[in-house]
Amino acid sequence: MRAESIAPVARQAGEDPTIRSRPDLAWEPMTETSNYRLTELQALEAESIHIFREVAAEIEHPVLLFSGGKDSIVMLRLAEKAFWPARIPFPIMHVDTGLNFPEVIAFRDRRAEQLKVDLVVASVPDAIERGLVVQEPNGSRNRIQTPVLLQAITEHKFNALFGGGRRDEEKARAKERVFSFRDEFGQWDPKNQRPELWSLYNGRIHLGESIRVFPLSNWTELDVWTYITAEQLEVPELYLARERDVFERDGMLYAANEICAPPEGAEVIKATVRYRTMGDANLTAAVLSDADTLDKIIVEIAATRLTERGATRGDDRVSEAAMEDRKREGYF
C-alpha cells in the first residue's frame, strides 16, 4: 500500500470505531474459515478494553489523562471502543504546564470536541499565580505539576486516573502494576502494590485513596504506532518529520520558538526532525528523521534501540531515579 494512503486522517464524528481501517496491519476480518486466533495487536486491544470496562464497573469517578500525545490518543480510541455506541462515560483531564506545544493544545481541544467529552484543564500557570506552587529556577515545570494534579483530583473527587504509561518506557514505569494504588496523599509505594494474577484487578480503595490505571502497560512504542496506523488516527503534525529550526543543547536538538529560545551563542540550523514524545516545549527534544508518514515511523521505531524518553526528554536526565522520585510524590 502506498504511504500516501495512510496519512493521519481523523474519522468522522459518530463513525463506528470498531470498523477496521487497515486490514493489512494485523487486523483480519472473521470468516467461516477463521481460526479465531487473535493477533498480538488484537490481544493488546482486547486487554486494554477489558481494563477500561473493569474500572468503569468498579470505580465511581474515573478520569482519563489526555495530553494529546500518541499514548493518550490510543487510550482515547480504546475508551471510545470500550463503550461504543454510548459516549465515553467519564471526562478527560490535562495538566497544562503552560509550556506545551501550541499544536498539541489545539489538537487536544479538537479531539475533545469531536468526541463530545468533558475536558478538565488543571493549569500550572494559574497555580503559580495563586501561590500553590513556585516556579523552579531551571524553568522546568514537571515537578510542580504534581500539586496541581493532586488538587484537581481532590476538587473533582476523581478516584481512578487512566494514564498512558508503558512498561517499556522507563525503569520506574516497569515497576508499576496495571492498577497502581496511591495513598490519601497521592503518593506511590512500589513495595505496597496488589498482585494481579490472571489479570484479576482489585479496585477496592479507602476514602481519600486513588488508583492510577495503565491500560497500555503491556504495549510498546512500536505497538502504539502500529495501532495508530491501523486505525488511521489523527496525530499532531510534530510527530512527522519536517524541516524545522533547531539548536543543540546537552547533545539534543530543540526547536527554536517562543517557549524554547536558544541560549546566547547557540547556532540555529535547519534540520529534518520529528518528535517521538510530547512534553513541555522547553524540555522535549526532536530527533533527526526522514519519517514523514506513519508507515515510515513504524519502520524507524522497529530499528531503534533507545526509548523515546531516553532519547528526547531532558527532564528525565536530572538523575537516574528522576521519574521514580516524581511518582513517589504523586506524579502520574
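## Overview of the pairing of strand 3 (residues 119-123)
Taken residue by residue, a regular strand's side chains alternate between the two faces of the sheet. In the sheet, strand 2 (residues 92-96) pairs with strand 3 via five bridges, with the strands oriented parallel. Paired with M93 across the strands is V120, a residue of strand 3. On the question of chirality, the crossover connecting strand 2 to the parallel strand 3 by way of helix 3 (residues 102-115) is right-handed.

## Notes on the nonpolar core
One finds F52, L64, F179, W219 and W225 to be the most contacted residues of the largest nonpolar core, which totals 59 residues. Per element, the largest residue contribution to this core is eight residues, and it comes from helix 2 (residues 70-83). For F179, the residues in contact, after removing those within four places along its chain, are I51, V55, Q193, E196, Y201, N202, G203, I211, R212 and V213. Residues V95, L149, A152 and F158 belong to the second largest nonpolar core, which totals 17 residues.

## Side note on the sheet that holds strand 8 (residues 252-255)
What the four strands build is an open sheet, ordered 8-7-9-10; its pairing is antiparallel. Edge positions in the open sheet fall to strand 8 and strand 10 (287-288), since each of these has one partner strand only. Across five bridges, strand 7 (residues 242-249) lies against strand 9 (residues 269-274) in antiparallel orientation. Paired with D245 across the strands is K270, a residue of strand 9.

## Some thoughts on helix 2
Across its 14 residues, helix 2 extends 21 Å between first and last C-alpha, which sits within 8% of the 20 Å expected from 1.5 Å per residue. Burial within helix 2 is extensive, with 14 of its 14 residues counted as buried.

## Notes on the layout of surface pockets
Counted as a void, the largest pocket has a volume near 380 Å³. Along the wall of the largest pocket there are 18 residues; nearest its centre are I153, T154, F158, G208 and E209. Considering every element that reaches the lining of the largest pocket, the biggest residue donor is helix 5 (residues 145-156), with three residues. Split by residue class, the lining of the largest pocket holds six nonpolar, seven polar and five charged.

## A short note on helix 5
End to end, helix 5 covers 17 Å across 12 residues, agreeing with the expected 16 Å (1.5 Å per residue, within 8%). Turning to helix 5, its buried residues number three or more, namely Q145, T146, V148, L149, L150, A152 and I153. Within two residues after helix 5, K157 carries a phi angle of roughly 60°, on the positive side.

## Re the side chain of E221
Mapped onto the fold, E221 is located in helix 7 (residues 221-231). In this structure the side chain of E221 is engaged in a polar contact, spanning 2.6 Å, whose partner is the side chain of R276. Filtering out sequence-adjacent residues up to four positions away, E221 remains in contact with K70, R166, D168, R276, I301 and E308.

## Overview of the sheet that holds strand 6 (residues 210-213)
Strand order in the open sheet formed by six strands is 3-2-1-4-6-5, with mixed pairing between adjacent strands. Here the strands that pair on one side only, and so sit at the sheet edges, are strand 3 and strand 5 (179-182). Direction aside, the axes of adjacent strands within the sheet are offset by 30° on average. Relative to strand 6, strand 5 runs antiparallel, the two sharing four bridges. The residue bridging S180 from the neighbouring strand is R212, located in strand 6. Helix 1 (residues 40-58) rests against strand 1 (62-65), strand 4 (160-162), strand 5 and strand 6 of the sheet, and its axis sits at about 160° to strand 4.

Analysis parameters
Residues numbered from 1 in each chain as written. Predicted model: local features only at pLDDT ≥ 70, side-chain atom pairs only at ≥ 80, totals over all residues. Heavy atoms only, no water. Pairing = 2+ DSSP bridges. Helix = DSSP H or I, 4+ residues; strand = E, 2+ residues; numbered from the N terminus. Right-handed = clockwise from strand over helix to strand, strands pointing away. Core = buried A, V, L, I, M, F, W, Y, C linked by side-chain atoms within 4.5 Å. Buried < 20%, exposed > 50% of the residue type's maximum accessible area, 1.4 Å probe, protein only. Contact = heavy atoms within 4.5 Å. Expected span 1.5 Å × (residues − 1). 1 Å grid on protein atoms, 1.4 Å probe; cavity = no way out; pocket = protein on both sides within 12 Å on 5 of 7 lines; lining within 4 Å. Points joined across faces, edges and corners; volume = space filled by probe spheres on them. Nonpolar A, V, L, I, M, F, W, Y, C, P; charged D, E, K, R; others polar. Polar contact = N/O pair within 3.5 Å; in protein donor to acceptor, adjacent residues only side chain to side chain. Axes fitted to C-alpha atoms, helices over the stretch in contact; angles between N-to-C directions.

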